[in-house]
Amino acid sequence: MLIQEKLTIRQFAILAFLGIIGDMMLIYPTLIAYSGNQDAWICSIISQGIGMGILWLQFKMHQLYPDLTLIEICSEVLGKWIGAAVAIAYLFYFLMGAAVCIREVGDFLTTQIYLGTPIRAIILLFVATLGWAVLKGLGTLGRSAEILVPFITLSLVILICCLLPQADSSNLMPFLSTPIFAFISGSVRGGTASYGELIILSMFLPYVTHGVHKRRDMFLSALLGGIMLTSFLLISLLVMGPEQTKHNIYISYILAQKINVGDFIQRIEALLGTAWLASTFVKTFLYTFGFILGLAQLTRIKSYQPLILPTMLLIFAMAIVIAPDILFYTSGIMYPWFDWDFTASIIIPACLILIHLVRRRLKTQRKGEALSYK
């Protein structure tokens, strides 16, 4: 195996939680409110069930091939050439996922905090840190995530609790007035945009220590992350209303700026920004390491480390050229990205499982016919 160090079940569960939160901490309310309007919080609740179904598909695929990563499963199920084509498509998906996360960091910092800093400088610093983390390996990230997750969780809880006095339930009215197709779109989009991107965890499941609670902890941690996102969406609607939630890409950061408890606790948006950067870094690491690991497995090289530097340079370039500005990203990438998530996390895994089951059924029938003939 290319990776000798194993993740503990707790570390893997934490990575699933941070993978759900990731960059969604800032953009999730806007993404769901775009379709669900004032009923977006209901769409988000329904999307948790859809997300559990997506996770079940991913874990079922792992159970069929417990020692193989997603890239290796594609080749095993679909054969050498078709499997390689699907594997390359997944690798491109991971590469673009990492580039988009890094571009989000660059756009956020240069438009909200470091207004005069060139975006290339921000991206270069992030990529350099990312490359160092990838060089240290998966186990180091798992231990780092254990340290970061209390700070990230506490920051989100503080933000939600401090905004409760400003909540206005009239912002949720009229109740259930969203057109049915928009309501369904918001529900499916919510499940796919958050849980669907956890398909990257299929690259690391073989490197998790065996235990009876692996599936339970993975599902519970992901559900906790989904509940956290739903809470963010609900507080955004209660405080800002559906229209502002829909049209502000960084609505969570704007909410943090509105906190004022007794003229003492205020302007804690830097706390939220730091928590968002930490969770986005973990998600970007998963995409980047998944790409490097999958590329090494596809090309059958003995070590993934020679691929780190070329990958970092490629991701740096992709993060810059992927969009000319933030407006193009929000209108031309963020919403159509749902179709890619849907294909990568639902359609292809479902097809892989179906093909495996059909092949196993045919193999069993042939054995039965051979025995009866004898």
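Keep in mind that what you see is a predicted model, and the values were worked out from it rather than measured. (Residues numbered from 1 in each chain as written. Predicted model: local features only at pLDDT ≥ 70, side-chain atom pairs only at ≥ 80, totals over all residues. Heavy atoms only, no water.)

Peer 1: Help me out: how do you make sense of the side chain of Ser47 in this one?
Peer 2: Assignment of secondary structure puts Ser47 in helix α3 (residues 40–64). Here Ser47 falls in the buried class, since its relative accessible area comes to 0%. When sequence neighbours within four positions are dropped, the list of residues in contact with Ser47 reads Tyr28, Ser187, Gly190, Gly191 and Tyr195. (Helix = DSSP H or I, 4+ residues; strand = E, 2+ residues; numbered from the N terminus. Buried < 20%, exposed > 50% of the residue type's maximum accessible area, 1.4 Å probe, protein only. Contact = heavy atoms within 4.5 Å.)

Peer 1: I'm lost on the state of the cysteines in this one. Help?
Peer 2: Covalent bonding between the sulfur atoms of two cysteines is what defines a disulfide. Applying the stated criterion across every chain, the model contains zero disulfides. Free cysteine: Cys161, not disulfide-bonded; nearest cysteine sulfur from Cys162 at 6.9 Å. This cysteine, Cys351, is not joined by any disulfide, and Cys74 carries the nearest cysteine sulfur, 11 Å off. On the accessibility criterion, Cys351 (39% relative accessible area) is partly exposed. (Disulfide = S-S within 2.5 Å.)

Peer 1: Please clarify how the packing of aromatic side chains should be interpreted in this entry.
Peer 2: Centre distance and the angle of the planes are the two values used to describe a pair of aromatic rings. Scanning the entire structure with this criterion turns up 15 aromatic pairs. One Lys or Arg, Arg189, reaches over the ring of Phe338 and ends 5.0 Å from the middle of that ring. (Phe/Tyr/Trp six-rings, centres within 6.5 Å; stacked < 30°, edge-to-face > 60°. Lys NZ or Arg CZ within 6 Å of the ring centre and 35° of its normal.)

Peer 1: Explain the nonpolar core here, please?
Peer 2: As a rule of thumb, nonpolar side chains are buried together in soluble globular proteins. Membership of the largest hydrophobic core comes to 133 residues, with the highest contact counts inside it found for Tyr90 and Phe94. Setting aside residues up to four positions removed in sequence, Phe94 forms contacts with Leu70, Ile200, Met203, Tyr287, Gly290 and Phe291. (Core = buried A, V, L, I, M, F, W, Y, C linked by side-chain atoms within 4.5 Å.)

Peer 1: Just checking my understanding: could you explain the side chain of Thr280 for this structure?
Peer 2: Secondary-structure assignment places Thr280 in helix α12 (residues 269–299). What makes Thr280 buried here is its relative accessible area of 0%. Each residue touching Thr280, except ones within four places of it in the same chain, is listed here: Gly22, Asp23, Cys101 and Val105.

Peer 1: Help me understand the pattern of salt bridges, please; the structure alone is not making it clear to me.
Peer 2: Side-chain pairs of opposite charge can arise whenever the charged atoms involved come near each other. Under the defined criterion, the tally for this structure stands at seven salt bridges. Notably, a salt bridge pairs Asp107 with Arg103, separated by 3.1 Å at the nearest N-O pair. Here the residue Asp107 and the residue Arg103 both occupy positions in helix α5 (residues 80–112), the gap between them amounting to four residues, near one helical turn. Salt-bridge contacts for Glu197 lead to Lys283; the nearest nitrogen and oxygen are separated by 2.3 Å. One end of the pair, Glu197, is in the loop between α8 (180–194) and α9 (214–240); the other, Lys283, is in helix α12, with 86 residues separating them in the sequence. It is possible to trace a salt-bridge network through shared partners that takes in Asp23, Glu197 and Lys283. (Salt bridge = Lys/Arg side-chain N within 4 Å of Asp/Glu carboxyl O.)

Peer 1: Would you explain the environment of Trp41 in this entry?
Peer 2: If you trace the backbone, Trp41 turns up in helix α3. The residues touching Trp41, leaving out its near neighbours within four places in the chain, are Leu172, Phe175, Thr230, Leu233, Leu234 and Leu237. A polar side-chain atom of Trp41 sits 3.5 Å from the main-chain carbonyl oxygen of Gln38. (Polar contact = N/O pair within 3.5 Å; in protein donor to acceptor, adjacent residues only side chain to side chain.)

Peer 1: Is there a simple way to explain unusual backbone geometry in this structure?
Peer 2: What is expected of a backbone is that most residues other than glycine have negative phi and most peptide bonds are trans. Residue Pro174 is bonded to the preceding Met173 through a cis peptide linkage, with omega at -5°. Positive phi values are uncommon outside glycine, yet Asn37 reaches one of about 50°. Positioned with a positive phi, Arg300 is a non-glycine residue whose angle comes to about 60°. Its place among the elements puts Arg300 in the loop between α12 and α13 (308–321).

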